Amino acid sequence: SIAGTRVLSIWGATHPNAGFLGYGQNESDCIQRELKCRPCSIYGNRKCKYIWCMFQEQEKSVTIVAPMTPAGVSAVAALRVSGPKSKEIVKSLFGCENVEPRKACYGVLKHPETKKQIDSLLYIFYCGPASYTGEDSIEIFPHGNPLIVREILQAILTFSEVRLAEPGEFTKRAFLNGKLDLVQA
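Reading guide: rules and limits
- Residues numbered from 1 in each chain as written.
- Predicted model: local features only at pLDDT ≥ 70, side-chain atom pairs only at ≥ 80, totals over all residues.
- Heavy atoms only, no water.
- Helix = DSSP H or I, 4+ residues; strand = E, 2+ residues; numbered from the N terminus.
- Buried < 20%, exposed > 50% of the residue type's maximum accessible area, 1.4 Å probe, protein only.
- Polar contact = N/O pair within 3.5 Å; in protein donor to acceptor, adjacent residues only side chain to side chain.
- Phe/Tyr/Trp six-rings, centres within 6.5 Å; stacked < 30°, edge-to-face > 60°.
- Lys NZ or Arg CZ within 6 Å of the ring centre and 35° of its normal.
- Contact = heavy atoms within 4.5 Å.
- Pairing = 2+ DSSP bridges.
- Axes fitted to C-alpha atoms, helices over the stretch in contact; angles between N-to-C directions.

Novice: It is not clear to me how the side chain of Glu135 should be interpreted in this structure. Could you clarify?
Specialist: One can find Glu135 in the loop between strand 6 (117-126) and strand 7 (137-141). Of the residues examined, Glu135 reaches a relative accessible area of 10% and is grouped as buried. Among the polar contacts made by the side chain of Glu135, one reaches the side chain of Arg173 at a distance of 3.1 Å.

Novice: Would you explain the packing of aromatic side chains in this entry?
Specialist: The full count for this structure, using the stated rule, is one aromatic pair. Residues Phe94 and Tyr123 carry aromatic rings whose centres are separated by 3.9 Å and whose planes lie at 15° to one another, so their mutual orientation is stacked. With Phe94 in helix 1 (residues 86-94) and Tyr123 in strand 6, this pair connects stretches of sequence that are 29 residues apart. Taken as a pair, Phe94 and Tyr123 share a single burial class, namely buried. Over the ring of Phe170 we find Arg80, and its NZ or CZ is 5.5 Å from the ring centre.

Novice: Could you clarify how one ought to interpret the environment of Ala77 in this entry?
Specialist: Within the secondary structure, Ala77 is located in the loop between strand 3 (63-67) and strand 4 (79-82). Note: C-alpha distance between Ala77 and His143 (66 residues apart in sequence) is 5.9 Å. When sequence neighbours within four positions are dropped, the list of residues in contact with Ala77 reads Thr69, Ile140, Phe141, Pro142, His143, Gly144 and Val149.

Novice: Would you mind showing me how to read helix 3 (residues 169-176) here?
Specialist: One turn of the α-helix equals 3.6 residues, which is why residues spaced by three or four share an orientation. Where burial is concerned, most of helix 3 is hidden: six out of the eight residues are buried. Taken together, the buried positions of helix 3 are Glu169, Phe170, Arg173, Ala174, Phe175 and Leu176. In this structure, the buried residues of helix 3 make contact with strand 3, strand 4 and strand 8 (162-164). Where helix 3 ends, the next residue or the one after it, Gly178, has phi of about 75°, a positive value.

Novice: Would you explain the environment of Ile124 in this entry?
Specialist: As for its placement among the helices and strands, Ile124 is situated in strand 6. Owing to a relative accessible area of 16%, Ile124 belongs among the buried residues under this scheme. As a C-alpha pair, Ile124 and Ile138 span 14 residues in sequence and 5.6 Å in three-dimensional space. Excluding residues that lie within four positions of it along the chain, Ile124 makes contacts with Arg102, Lys103, Ala104, Ser137, Ile138, Glu139 and Phe141.

Novice: Sorry if this is basic, but what is going on with unusual backbone geometry here?
Specialist: Excluding glycine, residues mostly carry a negative phi; peptide bonds, for their part, are mostly trans. Along the chain, Gly128 connects to Pro129 via a cis peptide bond; the corresponding omega equals 5°. Structurally, the position occupied by Pro129 is in the loop between strand 6 and strand 7. At Arg102, a residue that is not glycine, the phi angle is positive and equals roughly 60°. Looking at the secondary structure, you find Arg102 in the loop between helix 1 and strand 5 (105-110). Given the relative accessible area of 55%, Arg102 is considered exposed. Positive phi, close to 65°, is recorded for Lys115, a residue that is not glycine. Mapped onto the elements of the fold, Lys115 is located in the loop between strand 5 and strand 6.

Novice: Before we go on, may I ask you to explain the sheet that holds strand 4 in this structure?
Specialist: Strands pair in a sheet through their backbones, by hydrogen bonds, and they do so in one of two ways: parallel or antiparallel. In space, the six strands of this open sheet follow the order 5-6-7-4-3-8, with mixed pairing throughout. Each edge of the sheet is formed by a strand with only one pairing partner; in this case those strands are strand 5 and strand 8. Put simply, the sheet's adjacent strands are angled 30° from each other on average, direction ignored. Here five bridges tie strand 6 to strand 7, and the two strands are oriented antiparallel to one another. Following the sheet pairing, Ile124 is matched in strand 7 by Glu139. Packing against the sheet, helix 3 makes contact with strand 3, strand 4 and strand 8, and its axis sits at approximately 135° to strand 3.

Purely geometric numbers; function is a separate question.
This is the structure in structure tokens:
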């Protein structure tokens, strides 16, 4: 797109066996994906009968992280981590073995490599699908100093398969996982 963001455009009719098929294309020209169709908000939370849902195409193995609060100095900041590495990240950053879901915990966040203490803070672990995105996720509430927030982001980004979230990506994942419908998103 002009704004430099990725856009998924689907052109053509739906085909009962081939998914989305472009106009004038043969079934053999269609790239088929063996996607399991599941109830989704597009069909009123029912399984569709005709297509493999293209909205399931997402990076399932990547964990994302981003601040939830605006940049700047404040009393408390908030960061969200969502994806399959969330539990591993909590265990490594806080040194805890058993993480209890949906419980606010006080902990000392340490850099996973240097073991340097970054901040004393509150965090909550959410086990998917009972989270905003429908995936395992963590909400971290450090002090609002931008230097502390940056240090925490850098510590989380040291894990493999973890990257900064794109704008709106948490909401996109919530929509793709059936937590929000298109109107809510």
